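Here's the letter readout for the chains.
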Amino acid sequence: MCDVFQLPPKIEFNGDFKTFLDEVYNVFKIDFIDSKPIFNGKRLGLKKMPYVDGFEATFYHLTHEGKVEQDRKPNLERMARIPFPRPLIENSNHPYLKVWRNERKNETRILIYHTEEKYLAVLADRGKYILPWTAYLITYPNQEKKLMKEYEVYKSQNRSG
C-alpha cells in the first residue's frame with residue numbers, strides 16, 4: 001500500500017459567508033484562471049458560460065449542488081475543499097489516487113478519487129482539451145461502492161502490457 005496523497009488544508013468557514021465566498025473564489029481564481037493545471041500533458045480549459053451570480057460555470061459546479069441548474073445551492077463542504085481539485089488533477093499519476101474514465105451523457109469523463117477524503121474530481125475530456133467539470137464528497141457508502149466497482153471494471157479492462 002502506498003502513502004496517502006496529501007491534500008492542502010481546507011478553507012475554514014468563519015461564520016461570515018461573504019468573506020468565505022471571497023476566499024473560496026480567490027483560490028479558484030489562482031488555481032484555474034490566473035494559471036492552468038495540466039492533466040497528463042493537456043492544459044485544462046475553463047467553462048465560463050453561463051455565468052451564475054457573476055461566477056464562471058466551472059466555479060459554480062465545484063462549489064454548489066443541485067439537480068436543477070438554475071437552483072443550485074452553495075455547499076459549504078464543497079467550498080471548503082476548493083484547494084483540492086488542482087493538486088488532484090496535477091498529481092493524478094500518484095499511486096494512491098484512483099483514476100479512471102467513464103461515459104456520461106455521451107461524453108467521456110475522467111474521475112480522480114481520493115479514498116481517505118472521499119473526494120471525487122470529475123473532468124470532461126473534450127479531445128483537444130480537458131475541462132474541470134465538478135468535484136464533491138462521496139457521502140453515501142453505496143455511492144462509494146458503485147464508484148469503486150466502476151473503477152475496478154475500468155482497471156481490469158485497461159491493463160497495460
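Let me sum up the structure you'll find in this document. This structure is a prediction, so every number in the text was calculated from the model and none was measured.

### Structural notes on helix H5 (residues 141-157)
Phase 1: Helix length check: H5, at 17 residues, gives a terminal C-alpha distance of 24 Å against a target of 24 Å (1.5 Å per residue), a fit within 8%.
Phase 2: Of all the residues in H5, the buried ones are Glu 144, Leu 147, Met 148 and Tyr 151. Taken down its axis, H5 places every buried residue within 100° of arc, on the same side. In H5, the exposed residues that point more than 90 degrees away from the buried face are Asn 142, Lys 145, Lys 146, Lys 149 and Gln 157.
Phase 3: At its buried positions, H5 is contacted by strand S5 (98-104), strand S6 (107-114) and strand S7 (119-125).

### Some words on the nonpolar core
Phase 1: Ranked by size, the top nonpolar core spans 32 residues in total, and within it Phe 28, Phe 39, Leu 88, Ile 112 and Leu 123 carry the most contacts.
Phase 2: Counting residues per element, the ones that place at least two in this core are helix H1 (17-33), helix H2 (57-63), helix H3 (76-80), helix H4 (85-90), S6, S7 and strand S8 (130-137).
Phase 3: It is H1 that contributes the most residues to this core, 7 residues altogether.
Phase 4: Apart from residues lying up to four places away in sequence, Ile 112 is in contact with Phe 39, Leu 88, Ile 89, Ser 92, Leu 97, Lys 98, Val 99, Tyr 119, Leu 120, Ala 121 and Leu 123.
Phase 5: Tyr 113, Ala 124, Ile 138 and Leu 147 belong to the second largest nonpolar core, which has 12 residues in total.

### Regarding the pattern of salt bridges
A side chain with one charge may pair with a side chain of the opposite charge, provided their charged atoms come close.
Phase 1: Applying the stated rule across the entire model yields 12 salt bridges.
Phase 2: Across the salt bridge formed by Arg 109 and Glu 107, the nearest N and O atoms sit 2.6 Å from each other.
Phase 3: Taking the shortest distance from any N to any O, the salt bridge between Lys 118 and Glu 144 comes out at 2.9 Å. With a gap of 26 residues between them, Lys 118 in the loop between S6 and S7 and Glu 144 in helix H5 connect regions that are remote in the sequence.
Phase 4: You can call Glu 144 buried: its relative accessible area is 16%.
Phase 5: Each member of the salt-bridge network shares a partner with another, and the members are Lys 42, Arg 101 and Asp 125.

The rules behind the values
Sequence order sets the numbering: in each chain, residues are counted from 1 along the sequence as written. Selection of residues for local features in this predicted model requires a pLDDT of at least 70, selection of side-chain atom pairs for listing and counting requires 80 or more, and totals for whole chains, interfaces and linings are taken over all residues. Only hydrogens and water are set aside; all other atoms, that is, all heavy atoms of the structure, feed into the side-chain values. For the purposes of this entry, the term helix denotes a DSSP run of H or I that reaches at least four residues, the term strand denotes a run of E that reaches at least two, and both are numbered from the N terminus. Helix span is expected to be 1.5 Å times the residue number reduced by one. Only protein chains enter the accessibility calculation, which uses a 1.4 Å probe; a residue whose area is less than 20% of its type maximum is buried, one above 50% is exposed, and one in between is partly exposed. By definition, the arc is the one covered by directions from the helix axis to the C-beta atoms. It only takes one pair of heavy atoms within 4.5 Å for two residues to be counted as in contact. To define a nonpolar core, start from buried Ala, Val, Leu, Ile, Met, Phe, Trp, Tyr and Cys residues and group those joined through side-chain atoms within 4.5 Å. The rule for a salt bridge is simple: a side-chain nitrogen of Lys or Arg has to be within 4 Å of a carboxyl oxygen of Asp or Glu.

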